[in-house]
Amino acid sequence: MLIASIMYATKCPNCARSAIEDHYYKLGEIYTYCLRCGYHYEKTIESSSKDSVEYKEVTSKGHGILTLAKKDGRRERTLFDSPLTDEQLENFQQAYFNDDVDSEKSYLVTFKDGEFTVVLGNPPENFHLSFEDYKEKMFAKYGTPEYDFFVPIEE
């Protein structure tokens, strides 16, 4: 069987901003992750037989994100599953100030009680848009697709 997926932006159930959904429609698996608040959800096949498929679902409430843009063009992202400890914050700050990091394109943002706090850097312009505003912007830029839930993904 060929495995295929469709990826599109969707409204994050945690922060109401733009999240990414990767839907493996032939398998029924779904991966949703928010590069704003750090929320992620996975629905994956746990077991299957000729007659049935059992899925496992895992949800992690987001507490923020670290995006490190490297000078060689690579990106490293860390989604926070829990509030940051002082030690973690110190480690992430050290990573942010490494010589191989492009600090103009990197950022650390925490999410707590519905509020974002920019700790380091400058998140991209789309970061601050509600999902509705993001969707409107993407449709204005790329056109409205036949199925309006296929919202283009852009950082």
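Because the structure is predicted, anything quoted here is derived from the model rather than measured. (Residues numbered from 1 in each chain as written. Predicted model: local features only at pLDDT ≥ 70, side-chain atom pairs only at ≥ 80, totals over all residues. Heavy atoms only, no water.)

A. Local environment of the environment of Glu 125. As for its position among the elements, Glu 125 is in the loop between strand S9 (115-121) and helix H2 (131-142). The class of Glu 125 is exposed, set by a relative accessible area of 63%. For the pair formed by Glu 125 and Glu 155, sequence separation is 30 residues and the distance between their alpha carbons is 8.2 Å. A polar side-chain atom of Glu 125 sits 3.1 Å from a polar atom in the side chain of Lys 137. (Helix = DSSP H or I, 4+ residues; strand = E, 2+ residues; numbered from the N terminus. Buried < 20%, exposed > 50% of the residue type's maximum accessible area, 1.4 Å probe, protein only. Polar contact = N/O pair within 3.5 Å; in protein donor to acceptor, adjacent residues only side chain to side chain.)

B. Representation of the sheet that holds S9 within the structure. Sheet architecture is open: four strands sit in the order S7-S6-S8-S9, paired in antiparallel fashion. Whereas interior strands pair on both sides, the edge strands pair on one side only; in this sheet they are strand S7 (75-79) and S9. Sheet twist, expressed as the average angle between the axes of neighbouring strands with direction ignored, equals 10°. Where strand S6 (residues 64-69) lies against S7, five bridges are found, and the strand directions are antiparallel. (Pairing = 2+ DSSP bridges. Axes fitted to C-alpha atoms, helices over the stretch in contact; angles between N-to-C directions.)

C. Region of the structure containing H2. An ideal rise of 1.5 Å per residue puts 16 Å on twelve residues; H2 measures up with 16 Å between its terminal C-alpha atoms. Looking at the buried side of H2, the elements it contacts are strand S1 (6-11) and strand S2 (18-24). Positive backbone phi, approximately 90°, marks Gly 143, located one or two places after H2. (Expected span 1.5 Å × (residues − 1). Contact = heavy atoms within 4.5 Å.)

D. Summary view of the side chain of Arg 17. Among the secondary structure elements, Arg 17 is positioned in the loop between S1 and S2. There is no salt bridge for the buried Arg 17, and the closest opposite charge comes from Glu 115, which lies 7.7 Å off by N-O distance. In this view, Arg 17 contacts Thr 10, Lys 11, Cys 12, Arg 36, Phe 116, Phe 127, His 128, Leu 129, Ser 130 and Phe 131; residues no more than four positions away in its chain are not counted. (Lys, Arg positive; Asp, Glu negative; His and termini not counted. Salt bridge = Lys/Arg side-chain N within 4 Å of Asp/Glu carboxyl O.)

E. Looking closely at the pattern of salt bridges. Under the counting rule described, the total for this entry stands at six salt bridges. The closest approach of N and O atoms between Lys 70 and Asp 100, which form a salt bridge, is 3.0 Å. Of the two residues, Lys 70 sits in the loop between S6 and S7 while Asp 100 sits in the loop between helix H1 (86-96) and strand S8 (107-112), which places them 30 residues apart along the sequence. A relative accessible area of 35% places Asp 100 in the partly exposed class. One salt-bridge network, in which partners are shared between bridges, spans Lys 70, Asp 72, Arg 74, Glu 76 and Asp 100.

F. Representation of the packing of aromatic side chains in the model. This model, assessed by the stated rule, comprises six aromatic pairs. Between Tyr 24 and Tyr 31, the ring centres sit 5.8 Å apart and the planes meet at 80°, which makes this aromatic pair edge-to-face. By relative accessible area, Tyr 31 is classed as partly exposed at 24%. Consider the rings of Tyr 107 and Phe 127, whose centres lie 5.8 Å apart with planes at 75°: the pair is edge-to-face. Taken together, the residues span a long stretch of sequence, with Tyr 107 in strand S8 and Phe 127 in the loop between S9 and H2 at a distance of 20 residues. Comparing Tyr 107 with Phe 127 shows no difference in burial state: the two are buried. Members of the aromatic cluster, joined through ring pairs, are Tyr 107, Phe 111, Phe 116 and Phe 127. Stacked on the ring of Tyr 55, the Lys or Arg Lys 43 has its end atom at 4.6 Å from the ring centre. (Phe/Tyr/Trp six-rings, centres within 6.5 Å; stacked < 30°, edge-to-face > 60°. Lys NZ or Arg CZ within 6 Å of the ring centre and 35° of its normal.)

It is worth stressing that arrangement in space is one thing and function is another; only the former is reported here.
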